[in-house]
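# Descriptive structure summary
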Amino acid sequence: MWKLGDKELSSRLLLGTAQYPSLQCMHDSILTSGAEVITVSLRRQISRTNERNAFWEYVKKLNCHLLPNTAGCRDADDAVTTAEMAREMFATNWIKLEVIGDEYNLQPDPFELVKAARRLIQNGFEVFPYCTDDLILCQRLIDCGCRILMPWAAPIGSGKGIINPFALETLRTRLDKITLIVDAGIGKPSHAAQAMEMGFDAVLLNTAVSLAKNPIQMARAFQHAVKAGRDAYEAGMMLERHVACPSTPLTDTPFWHQASRIAG
């Protein structure tokens, strides 16, 4: 068990709810993954009312904790307004804060992000800011009162995995009292395992599962990868070496074999 905000969880995998081939596939994938927290967007674009209602019915069946997000917001004012609406609709003070500053790589706007985070925390929200791996930005968000940070591994939906392990390792080392969740850019289960081996508290992903050829099977693969990565981190991995070191001791080598090598 681990604690995320004010809730105790057993799974360290968080999943999104977008781009699945069907609502049933979304439901079954999330259920298979064991995820207990799912993200939902207030601005979810569904053309017909009956489809929108069906989506929420499938979400309710999952019995997961909801993490509404401010996807699509471009400035602090818009993000705060969206968060307030989400709190009313979903009856939670949790909010995944997204304030996008660039359309090409969907990188967060650090200035508007900090501004929005400060206002939301003053208004009683538990803010989960989606941010880059910049240490100073993360420190500013913590100064605002954020207890949880969600730095990216790579741009949203890219599937590139961790493109700057040094930066993420620095965050984990320097911000050892903060809950850190790697969000965005995860494409393979091995990427998730790598993040967990680095000591991150959880990973959040969406398209790596929803756009897989078999989302349900991929959800299971990520479940195992996250658990394996965390187990490895807690077990304490061997240090990397720059030279070879035999894993089999040489104490049993016959003395005449050693002597012949010296003589030669």
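First, a word on scope: everything that follows refers to the structure included in this document.

The rules behind these values
- Residues numbered from 1 in each chain as written.
- Predicted model: local features only at pLDDT ≥ 70, side-chain atom pairs only at ≥ 80, totals over all residues.
- Heavy atoms only, no water.
- Axes fitted to C-alpha atoms, helices over the stretch in contact; angles between N-to-C directions.
- Helix = DSSP H or I, 4+ residues; strand = E, 2+ residues; numbered from the N terminus.
- Left-handed = near helix turned anticlockwise from the far one by under 90°.
- Contact = heavy atoms within 4.5 Å.
- Buried < 20%, exposed > 50% of the residue type's maximum accessible area, 1.4 Å probe, protein only.
- Parallel < 35°, antiparallel > 145°, perpendicular 65-115°, else oblique.
- Nonpolar A, V, L, I, M, F, W, Y, C, P; charged D, E, K, R; others polar.
- Pairing = 2+ DSSP bridges.
- Right-handed = clockwise from strand over helix to strand, strands pointing away.
- Core = buried A, V, L, I, M, F, W, Y, C linked by side-chain atoms within 4.5 Å.
- Expected span 1.5 Å × (residues − 1).
- Arc of directions from axis to C-beta.
- Polar contact = N/O pair within 3.5 Å; in protein donor to acceptor, adjacent residues only side chain to side chain.
- Salt bridge = Lys/Arg side-chain N within 4 Å of Asp/Glu carboxyl O.

Time to look at the packing of helix H3 (residues 76–90) against helix H4 (residues 110–122). Axis separation between H3 and H4 bottoms out at 8 Å; the angle between their running directions is 35°. In the packing of H3 onto H4, the handedness of the crossing is right-handed. Side by side, H3 and H4 meet where Ala76, Asp77, Ala79, Val80 and Ala83 of the first sit next to Glu112, Lys115, Ala116, Arg119 and Leu120 of the second.

A few words now on the side chain of Thr132. Within the element layout of this structure, Thr132 appears in the loop between strand E7 (126–131) and helix H5 (135–144). The class of Thr132 is buried, set by a relative accessible area of 10%. Thr132 has contacts with Gln107, Pro108, Leu137, Cys138, Pro151 and Trp152, leaving out every residue within four places of it along the chain.

This part is about the packing of H4 against H5. Running from N to C, H4 and H5 point in directions that differ by 15°, and their axes come no closer than 9 Å. Considering their axes alone, H4 and H5 lie roughly parallel with respect to each other. Crossing of H4 against H5: the hand is right-handed. Listed contacts from H5 to Pro110, Leu113, Val114, Ala117, Arg118 and Ile121 of H4 are Leu137, Arg140, Leu141 and Cys144. Here the residues of the contact of H4 with H5 are counted per class, giving eight nonpolar, no polar and two charged.

Here strand E10 (residues 202–205) shows a buried face lined by Ala202 and Leu204 and a second buried face lined by Val203 and Leu205. When strand E3 (residues 13–15) meets E10, the two strands line up parallel, connected through three bridges. Its bridge partner lying in E10, Leu13 is registered against Val203. Note: strand E9 (residues 179–183) against E10, three bridges, orientation parallel. Paired with Ile181 across the strands is Ala202, a residue of E10. Crossover E9 to E10 through helix H7 (residues 189–197) is right-handed.

Below, the discussion takes up the nonpolar core. Counting 62 residues, the largest nonpolar core has Leu97, Leu141, Val203 and Leu205 as its most contacted members. Residues contacting Leu141, with those up to four places away along its chain left out, are Leu113, Val114, Ala117, Pro129, Cys131, Cys146 and Leu149. Grouped together as the second largest cluster of nonpolar side chains are 13 residues, Trp2, Leu4, Leu14 and Ala202 included.

One non-glycine residue, Asn63, lies in positive phi territory at about 55°. Even without being glycine, Leu106 reaches a positive phi, approximately 55°. You can call Leu106 partly exposed: its relative accessible area is 27%.

Right, let's get into H3. The first and last C-alpha atoms of H3 sit 21 Å apart over 15 residues, in line with the 21 Å expected at 1.5 Å per residue. Taken together, the buried positions of H3 are Ala76, Ala79, Val80, Thr82, Ala83, Ala86 and Phe90. Looking down the long axis of H3, one finds its buried residues gathered within 165° of arc, a one-sided arrangement. Opposite the buried face of H3, by more than 90 degrees, sit the exposed residues Glu88 and Met89. In this structure Asp75 caps H3, since a side-chain oxygen of it lies 3.2 Å from the backbone nitrogen of Asp77. Backbone geometry just downstream of H3 places Ala91 in the positive-phi region, at approximately 55°.

With that out of the way, let us pick up the pairing of strand E6 (residues 94–97). Burial of the side chains of E6 extends over both faces: Trp94 and Lys96 are buried on one face and Ile95 and Leu97 on the other. In terms of strand pairing, E6 meets E7 through four bridges, oriented parallel. Bridging across to E7, Leu97 finds its partner in Pro129. This β-α-β element, E6 to H4 to E7, shows right-handed connectivity.

The next subject is the pattern of salt bridges. Under the counting rule described, the total for this entry stands at 14 salt bridges. Two residues, Glu103 and Arg74, come together in a salt bridge whose shortest N-O distance is 2.6 Å. Here Glu103 is found in the loop between E6 and H4, whereas its partner Arg74 is found in the loop between strand E5 (65–69) and H3, with 29 residues between them in sequence. Across the salt bridge formed by Arg172 and Asp201, the nearest N and O atoms sit 2.9 Å from each other. With Arg172 in helix H6 (residues 165–174) and Asp201 in the loop between H7 and E10, this residue pair connects regions lying 29 residues apart in the sequence. Judged on exposure class, the residue Arg172 and its partner Asp201 are both buried. Connected through salt bridges with shared partners, the residues Lys96, Glu98 and Asp183 form a single ionic network.

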